[in-house]
Amino acid sequence: MKKIITIAAAAAALTSSFAAPAACAQEAQSPWLVRVRAVNISPDNKSDPVGGVGASDRLSVSSKTIPEVDISYFFSPNWAAELILTYPQQHDVRLDGQKIGTFKHLPPTLLLQYHFTPEARFSPYLGAGINYTRISDVHVLNDGASLDSNSVGGALQAGLDIKIDRHWLINFDIKKVQIQSDVKLGGTRISTVKIDPWLFGVGVGYRF
């Protein structure tokens, strides 16, 4: 009986000696993840008739590929918050396909994400949150027209992380963001543009 107890104790000690480093390694992984992406902004470009007459969707905003940095914090293996950042981006404004001016926008977005298989090599996720867009440097119709200075709307996200090793990963990401602005001429609203872009991103990430 003593031999059985001794063998069981030795086995338990041996198991613990293997399990402890693995547990420590798991605990040692930082909750912080930083990704850098190249993102293509593809606006939906829906607009009201200019001046309330004629056809819809005559106003449009140009597509553009921009750099993006996002910082994620994991509250648990599955749940994370992601803050998406870039610098002010300039876009052309067109009426019936003809350029009528430019503006800049700064669109930080905060998302809550759910990661379905965080320990797997292929880790898909979904996110939802809020976007705040600051609009500045508006030069439309020789400065005769203006846009709202800000826009607040929802944001949805789907993505996939492909792990290269413990720290590095490749990322594919798609977002749908609500952005809209009234267009004013002489202080009078002449149309509302719903930019509502799709954002298609690819990049790399580093888990600290």
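Computed from a predicted model, the values in this text were never measured in an experiment.

Draft legend 1. Seen up close, the pairing of strand S9 (residues 122-140). As paired elements, strand S7 (residues 98-106) and S9 share five bridges and run antiparallel to each other. Following the sheet pairing, glycine 101 is matched in S9 by valine 140. Pairing of strand S8 (residues 109-115) with S9, which is carried by seven bridges, proceeds in the antiparallel orientation. Looking across to S9, one finds that leucine 111 is bridged to glycine 129.

Draft legend 2. Structural context of the pattern of salt bridges. Under the defined criterion, the tally for this structure stands at 16 salt bridges. A salt bridge links arginine 58 to aspartate 96; its shortest N-O distance comes to 2.7 Å. With a gap of 38 residues between them, arginine 58 in the loop between strand S2 (46-47) and strand S3 (59-61) and aspartate 96 in the loop between strand S6 (89-95) and S7 connect regions that are remote in the sequence. Residues lysine 175 and glutamate 68 are paired through a salt bridge, measuring 3.5 Å at the closest nitrogen-oxygen approach. Here glutamate 68 lies in strand S4 (residues 64-74) and lysine 175 lies in strand S12 (residues 168-177), a separation of 107 residues in the sequence. Lysine 175 sits in the buried class, given a relative accessible area of 3%. Residue glutamate 68 is classed as buried on the basis of its relative accessible area, which comes to 3%. Salt bridges sharing partners connect three or more residues here, namely Arg35, Arg37, Glu68, Asp70, Glu82, Asp161, Asp173 and Lys175.

Draft legend 3. Representation of the nonpolar core in the model. Grouped together as the largest cluster of nonpolar side chains are 21 residues, with contacts concentrated most on Phe103 and Ile195. Breaking this core down by element, the ones donating at least two residues are strand S1 (32-42), S3, S7, S9 and strand S10 (145-147). Those residues in contact with isoleucine 195, other than ones at most four positions away along the chain, are Pro43, Asp44, Asn45, Val61, Phe103, Ile179 and Gln180.

Draft legend 4. The arrangement of unusual backbone geometry in detail. Positive phi is not limited to glycine here, since asparagine 45 has a value of about 55 degrees. Take asparagine 45: it is sitting in the loop between S1 and S2. Backbone geometry at aspartate 137 places phi at a positive 50 degrees, although glycine is not the residue there. Here aspartate 137 lies in strand S9. Aspartate 137 sits in the partly exposed class, given a relative accessible area of 44%.

Draft legend 5. Fine view of the environment of serine 191. By the element assignment, serine 191 lies in strand S14 (residues 188-194). C-alpha of serine 191 to C-alpha of valine 53: the two residues are 138 residues apart in sequence and 9.9 Å apart in space. When near neighbours in sequence (up to four residues on either side) are disregarded, serine 191 contacts Ser47, Asp48, Pro49, Val50, Leu59, Ser181, Asp182 and Val183. Separated by 2.8 Å, the side chain of serine 191 and the backbone oxygen of aspartate 48 make a polar contact.

Definitions and limits used
- Residues numbered from 1 in each chain as written.
- Predicted model: local features only at pLDDT ≥ 70, side-chain atom pairs only at ≥ 80, totals over all residues.
- Heavy atoms only, no water.
- Pairing = 2+ DSSP bridges.
- Helix = DSSP H or I, 4+ residues; strand = E, 2+ residues; numbered from the N terminus.
- Salt bridge = Lys/Arg side-chain N within 4 Å of Asp/Glu carboxyl O.
- Buried < 20%, exposed > 50% of the residue type's maximum accessible area, 1.4 Å probe, protein only.
- Core = buried A, V, L, I, M, F, W, Y, C linked by side-chain atoms within 4.5 Å.
- Contact = heavy atoms within 4.5 Å.
- Polar contact = N/O pair within 3.5 Å; in protein donor to acceptor, adjacent residues only side chain to side chain.

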